[in-house]
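# Tertiary structure, described
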Amino acid sequence: MRKIFEVSDVFRAHGKAYRESHGAEMSVGQLRAMRAIEICRTSCLGGHVDECDHCGAIRISYNSCRNRHCPKCQCLDKERWLESRKRELLPARYFHAVFTLPEGLRAIALRNQKVIYNILFRSVSETIQMLSKEKKHLGVEIGFIAILHTWSQTLIHHPHLHCIITSGGLSLDGRYWVSGKRDFFIHVKVLSKVFRGKFLDFLKRSYNRKELKFPGKIAPLEEKGAFSGMLSDLYKQEWVVYCKEALENAEQAIEYLGRYTHRVAISNERIVELKGNTITFRYRDSSDNDRIKYMSLDAQEFIRRFLLHILPDGFVKIRHYGLLSNRGKKTKLALCRELLGALVNTVQEGLKQETWEELLTRLTGIDPRICPVCREGRMHIKEMLHAESGSHPP
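Note that this is a predicted model, so its numbers are computed, not measured. (Residues numbered from 1 in each chain as written. Predicted model: local features only at pLDDT ≥ 70, side-chain atom pairs only at ≥ 80, totals over all residues. Heavy atoms only, no water.)

### Digging into the overall build of the protein chain
Going by this rule: A run of H or I in DSSP counts as a helix once it spans at least four residues, and a run of E counts as a strand once it spans at least two, with each numbered from the N terminus. Using C-alpha atoms as the atom set, the radius of gyration is obtained and then compared with a globule rule of 2.2 Å times the number of residues to the power 0.38. Burial here depends on accessible area, computed with a 1.4 Å probe over protein chains only, as a share of the maximum for the residue type. Under 20% is buried, over 50% is exposed, and the range in between is partly exposed. Every residue pair with non-hydrogen atoms within 4.5 Å of one another is taken to be in contact.
Regarding its fold elements, the protein chain presents twelve helices and 14 strands. The C-alpha atoms of the protein chain give a radius of gyration of 24 Å, which matches the 21 Å a tight globule of 394 residues would have. The C-alpha extent of the protein chain, read off along each of the three principal axes, is 70 × 60 × 40 Å. Going through the 394 residues of the protein chain one by one, you find that 47% of them count as buried. Taking contacts inside the protein chain between residues at least 6 apart in sequence as the whole, the part at least 24 apart equals 71%.

Here it is as structure tokens:
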């Protein structure tokens with residue numbers, strides 16, 4: 001059996017040295033995330049002692065950090081989120097589209113994350129909604145979910161939005177459901193051109209309002225002529241937009257969403273070795289027919305790359321638009337289901353939320369309430385373990 005390595009192992013072994021070298025450059029969010037991952041499921045966060053009511057076996061369980069960047073804390077949150085989406089997605093086909101920021105913008109994005117990522121969401125959402133409402137394309141109001149990722153397989157800063165989009169939509173007069181084509185949404189060149197124009201227009205507005213910061217290596221771009229030159233170069237480039245043919249139903253869309261919604265920069269299972277100051281991990285090389293390869297990084301570089309993807313506090317990385325936006329969603333979805341001849345699953349909507357034990361049992365087939373020793377008794381909390389003083393993330 002292969003030894004399991006985790007991001008938390010890297011942080012515990014090398015985090016202190018990294019903070020001593022780079023702490024002054026780190027954001028509060030990065031410091032908080034690193035500390036949370038270090039102490040996740042350890043005595044630092046407290047926990048409880050369970051005892052079997054049949055054989056008396058004892059089990060100690062420590063609390064999770066619940067930080068959204070922690071590789072160990074996403075599974076149950078993801079499943080609960082997907083369960084909620086199952087009650088909202090329409091019985092229709094869906095497209096998967098990806099909008100990527102060009103390389104020339106990534107340095108600015110990294111130093112202005114909240115501003116640039118919000119522009120990315122706004123430009124993509126307006127592009128999709130504007131074009132889908134035009135009669136020459138679809139002439140409908142569609143629904144879609146956009147999810148921000150900021151990393152490549154090798155942990156390089158690579159901001160992009162994954163979008164799950166209905167292939168059809170509600171007619172603009174609200175009377176009909178208009179089905180889209182099975183193998184075609186809107187031409188990617190059209191999407192790319194409008195996306196580029198909107199993004200650069202919003203970027204220019206932010207520059208004129210002095211919302212952007214230009215520290216360090218990008219300081220020259222603060223000068224108006226240099227910034228205008230950068231914009232001119234970006235206007236000449238073709239921006240990368242990818243769109244995959246329609247998923248056949250909401251179930252497939254849910255499966256797709258599950259791959260992207262609660263991911264972090266790297267999962268623990270991709271780490272194959274932690275040896276001295278070197279971390280080796282597995283990645284998929286899209287430029288080489290998706291071949292699986294291995295990369296080794298110095299611990300300081302591994303931590304630096306991981307921290308590139310800690311989002312600003314409170315930043316919403318999953319957003320809903322059109323028919324799926326919070327505004328008027330209940331009424332519009334009910335109308336769409338009626339037009340599609342679909343019944344609302346009132347039984348499912350009335351179900352109480354599963355406990356984490358029930359959810360884990362359904363997902364894994366392993367019931368944490370059953371004694372792992374005798375397999376007959378049930379585990380009950382015997383004692384609460386308090387968190388160690390001063391051990392919480394800052």
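### Focus on the packing of aromatic side chains
We count it as follows: When the centres of two rings from Phe, Tyr and Trp lie within 6.5 Å, Trp using its six-membered ring, the rings pair. Their planes under 30 degrees apart give stacked, over 60 give edge-to-face, and anything left gives tilted. A positively charged side chain is recorded as over a ring if its NZ (Lys) or CZ (Arg) lies within 6 Å of the ring centre. The angle to the ring normal must also be within 35 degrees.
By the definition in use, this model includes 14 aromatic pairs. Aromatic side chains F144 and Y321 sit 5.0 Å apart centroid to centroid with 20° between the ring planes, which places their arrangement in the stacked category. With a gap of 177 residues between them, F144 in strand β5 (residues 143–151) and Y321 in strand β13 (residues 318–322) connect regions that are remote in the sequence. According to the relative accessible area criterion, F144 is buried, its value standing at 0%. Just above the ring of Y256 sits the side chain of R259; from NZ or CZ to the centre is 4.5 Å. The lysine or arginine in question, R319, covers the ring of F315, its NZ or CZ lying 4.9 Å from the ring centre.

### Looking at unusual backbone geometry
The phi dihedral of R41 is positive, around 55°, even though this residue is not glycine. The residue R41 is located in the loop between α2 (28–39) and β1 (47–52) in this model. Residues other than glycine seldom take positive phi values, yet R66 does so here, at roughly 65°. Relative to the helices and strands, R66 is located in the loop between β2 (58–62) and α3 (75–86).

### What to know about the nonpolar core
As a reminder, the rule being used: For the purposes of this section, nonpolar cores are sets of buried Ala, Val, Leu, Ile, Met, Phe, Trp, Tyr and Cys residues that join through side-chain atoms within 4.5 Å.
One finds F199 and L203 to be the most contacted residues of the largest nonpolar core, which totals 48 residues. At the level of secondary structure, the elements contributing two or more residues to this core comprise β3 (94–100), α4 (106–111), α5 (113–133), β5, β6 (157–166), α6 (188–208), α7 (224–236) and β9 (241–247). Residues within four places of L203 in sequence aside, it is in contact with L105, I116, I119, L212, F227, M230 and L231. By size, the runner-up hydrophobic cluster in this structure holds 32 residues, among which are Y18, L155, A265 and F306.

### Remarks on a nonpolar patch on the surface
Stated precisely, the cut-off is as follows: Residues enter patches when their relative accessible area tops 30% and they take part in no salt bridge; the joining distance is 9 Å for like charges and 5 Å for the nonpolar side chains Val, Leu, Ile, Met, Phe, Trp and Tyr. Note on areas: Shrake-Rupley, 1.4 Å probe, and residue coverage restricted to the protein chains presented here. In the sections that follow, a salt bridge refers to a side-chain nitrogen of Lys or Arg positioned within 4 Å of a carboxyl oxygen of Asp or Glu.
Side chains of I58, I60 and Y62 sit close together on the surface and give an oily, nonpolar patch of about 280 Å² of accessible area. Judged by relative accessible area, I58 falls into the partly exposed class, the value being 47%.

### A look at the sheet that holds β9
Which entries qualify depends on this criterion: In short, DSSP must find at least two bridges between two strands for them to pair. To obtain an axis, a line is fitted to C-alpha atoms, over the contacting stretch when the element is a helix, and the angle between two such axes runs from 0 to 180 degrees between their N-to-C directions.
Taken in spatial order, the five strands make up an open sheet running β9-β3-β6-β5-β13, and their pairing is antiparallel. The open sheet has two free edges, formed respectively by β9 and β13, since each of these has just one partner strand. Across the sheet, the mean angle from the axis of one strand to that of its neighbour is 20°, orientation sign disregarded. Here α5 sits on the sheet in contact with β3, β5, β6 and β13, set at roughly 30° to β6.

### Thoughts on the sheet that holds strand β10 (residues 271–275)
Two strands in a sheet stick together by hydrogen bonds in their backbones, pointing the same way (parallel) or opposite ways (antiparallel). The three strands are arranged β10-β11-β12 in an open sheet whose pairing can be described as antiparallel. Both edges of this open sheet fall to β10 and β12 (291–298), since each of them pairs with a single strand only. Between one strand and the next, the sheet's axes are offset by a mean angle of 25°, whatever the strand orientation. Note that strand β11 (residues 278–285) and β12 share eight bridges and pair antiparallel. Among the inter-strand pairings, I279 is bridged to a residue of β12, identified as L297.

### Quick notes on the pattern of salt bridges
If you walk through the whole model with that rule in mind, you get 25 salt bridges. With a closest N to O distance of 3.1 Å, R19 and E38 form a salt bridge. Taken as a pair, R19 in helix α1 (residues 7–22) and E38 in helix α2 lie far apart in primary sequence, 19 residues in all. In this structure E38 comes out as buried when scored by relative accessible area, which is 7%. Measuring nitrogen to oxygen at the nearest pair gives 2.8 Å for the salt bridge that ties R205 to D201. One end of the pair, R205, and the other, D201, are both in helix α6, four residues apart, so they sit about a helical turn from each other.

### What about the environment of L90?
Along the chain, L90 falls in the loop between α3 and β3. Sequence separation between L90 and F185 is 95 residues, and the spatial gap between their C-alpha atoms is 17 Å. Beyond its immediate sequence surroundings of up to four residues, L90 is in contact with W177, A250, L323, L333, C336, R337 and L340.

### A short note on the side chain of H162
We apply this condition: Nitrogen and oxygen atoms within 3.5 Å of one another constitute a polar contact, given that in protein one can donate a hydrogen and the other can accept it, and given that sequence-neighbouring residues count only through two side-chain atoms.
Mapped onto the elements of the fold, H162 is located in strand β6. Engagement of the side chain of H162 in a polar contact is seen with the side chain of H160, the distance being 3.4 Å. Those residues in contact with H162 that sit more than four places away from it in its chain are H96, A97, V98, I145, A146, I147, H149 and Y260.

### Some remarks on the pairing of β2
Of the strand pairs in this sheet, β1 and β2 are connected by five bridges, and their pairing is antiparallel. Paired with V49 across the two strands is I60, which belongs to β2. Adjacent in sequence and paired antiparallel, β1 and β2 are bridged by five residues, among which G56 carries a positive phi angle near 80°.

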